[in-house]
Amino acid sequence: MTTRRGNNLDSVRMHNLSTVLTIAHHVGPVSRSDVTRETGLNRSTIGALVGELVELGLVTESGPNANLRVGRPSPVISPNPRIAALAVNPEIDAVTVGLVGLDGRVQQRRRVALDHVPSPDEAVAAAAGAITGLIETASVERVVGVGVAMPGLVRPADGLVRRAPHLGWVDVPFAQMLTDATGLPVRASNDAQLGAYAEHVFGAGVGVSELIYVNGGSSGIGGGVILGGAAFTGAAGHAGELGHVRVGSSDAVDSGGLAGTFEAEVSRARLLAALGLEGASIDADGLTAAILASDDPAVRAEVHRQLELLGIALSTALTLFNPRLVVLGGFLATIYQADGAVLDRAVARATLPETLEGVQITRTRLGSDILLIGASELAFEALLSDPASLGGASA
């Protein structure tokens, strides 16, 4: 029996709705003429699709914007920020929850500081409490779900946390636990992989098909890879774990028990110790401010030491993946901001000139919002795939 594929009118319509909404979500505000050009569909079809998305409450349409491309005036399509997703980022010292609109902007965030590494139950309770508070105060029409940026290895199919070494979690069904606590659909993935995708879609990596994102946080170091414009996650979803790449002969071990690795030698805790802030409850922006304001030689020496080791780790990634762009996030972005020339020299010493040619190293453009934005993309994915599934927004 032959199965008909691709010629069902409903499936074509769903595909086209998905395409238009995704463009609005990733690019918006965007003119209707640009959407027509991007999709190759005719103007009347785009008009009908946009009209349906407006009726669903997913986009708004306004008059021509003089700041957009020169040409024939065309209505401007914008994603509706009152359609929102929740994002959760558990770490060893806090659980951060954000409310992210369909326009890709973080509208609100709550950081629940902790004085100890949370158990799964404690992290769920902290996240659920913050979620309730955000929903109660948010001015949104619909929350579509929750995405979790997890500092560890996650099975994408069901959000099972296979291993989060800094948290001490093994085979924890965190996504299901949070669904049970909130009644909302929850998906989870590795934090750095989500950061790479967010930077590719909304940040410094827009238009770049090959990039590497490396994040440094209180729960260690992770990496994410975009190749050919798509996330490269590996056979089991665990690709990009740059923190566990060996960078020296030190006996120091990382969270996974491996010696001499990047994560064993480079950490947020070492920076806090140099600053005299061990045990302090400080967020990413606070750490950045403290490092940039310090003129202590011990702080500068630690920053330089970590940049040298970051250079070795990046040279390995550059040799393996040959990206055009390297994006640094978390405290790695901070130390690069403090003295980027040290990293540039370290990378050049350890990398073939031909491999390094044309490569740009930069800090995340999304700043401390990057993991929340990346996690929200998990929650928005089902809506983007089938916009009609929302069934109309409700207050």
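Residues numbered from 1 in each chain as written. Predicted model: local features only at pLDDT ≥ 70, side-chain atom pairs only at ≥ 80, totals over all residues. Heavy atoms only, no water.

Caption draft 1: Quick peek at the sheet that holds strand β9 (residues 160-164). The three strands are arranged β8-β9-β10 in an open sheet whose pairing can be described as antiparallel. Edge positions in the open sheet fall to β8 (153-155) and β10 (169-172), since each of these has one partner strand only. Put simply, the sheet's adjacent strands are angled 15° from each other on average, direction ignored. Here three bridges tie β8 to β9, and the two strands are oriented antiparallel to one another. Residue pairing across strands places Val154 opposite Val161, the latter belonging to β9. (Pairing = 2+ DSSP bridges. Helix = DSSP H or I, 4+ residues; strand = E, 2+ residues; numbered from the N terminus. Axes fitted to C-alpha atoms, helices over the stretch in contact; angles between N-to-C directions.)

Caption draft 2: Broad picture of helix α4 (residues 120-137). The end-to-end C-alpha distance of α4 is 26 Å, a good match for the 26 Å that 18 residues give at a rise of 1.5 Å each. Looking only at α4, the buried set comprises Pro120, Ala123, Val124, Ala126, Ala127, Ala128, Ala130, Ile131, Gly133 and Leu134. Looking at the buried positions of α4, the neighbouring elements they touch are β4 (83-90), β5 (94-101), β6 (106-113), β7 (142-150), β10 and α5 (174-182). (Expected span 1.5 Å × (residues − 1). Buried < 20%, exposed > 50% of the residue type's maximum accessible area, 1.4 Å probe, protein only. Contact = heavy atoms within 4.5 Å.)

Caption draft 3: Spotlight on the packing of helix α6 (residues 191-202) against helix α13 (residues 370-385). Look at α6 against α13: their axes get within 8 Å of each other, and the N-to-C directions meet at 90°. Taken together, the axes of α6 and α13 are roughly perpendicular relative to one another. Residue-level contacts link Asp191, Leu194, Gly195, Tyr197, Ala198, Glu199 and Phe202 of α6 to Ile370, Leu371, Ile373, Gly374, Ala375, Glu377 and Leu378 of α13. Taken together, the residues of the contact of α6 with α13 break down into nine nonpolar, two polar and three charged. (Parallel < 35°, antiparallel > 145°, perpendicular 65-115°, else oblique. Nonpolar A, V, L, I, M, F, W, Y, C, P; charged D, E, K, R; others polar.)

Caption draft 4: Fine view of the confidence of the model for the protein. Put simply, the protein has an average pLDDT of 91, and 94% of its residues get 70 or more. Per-residue pLDDT stays below 50 along residues 1-6; that stretch engages in one contact with residues further than four places along the chain or on separate chains. (pLDDT = per-residue confidence, 0-100.)

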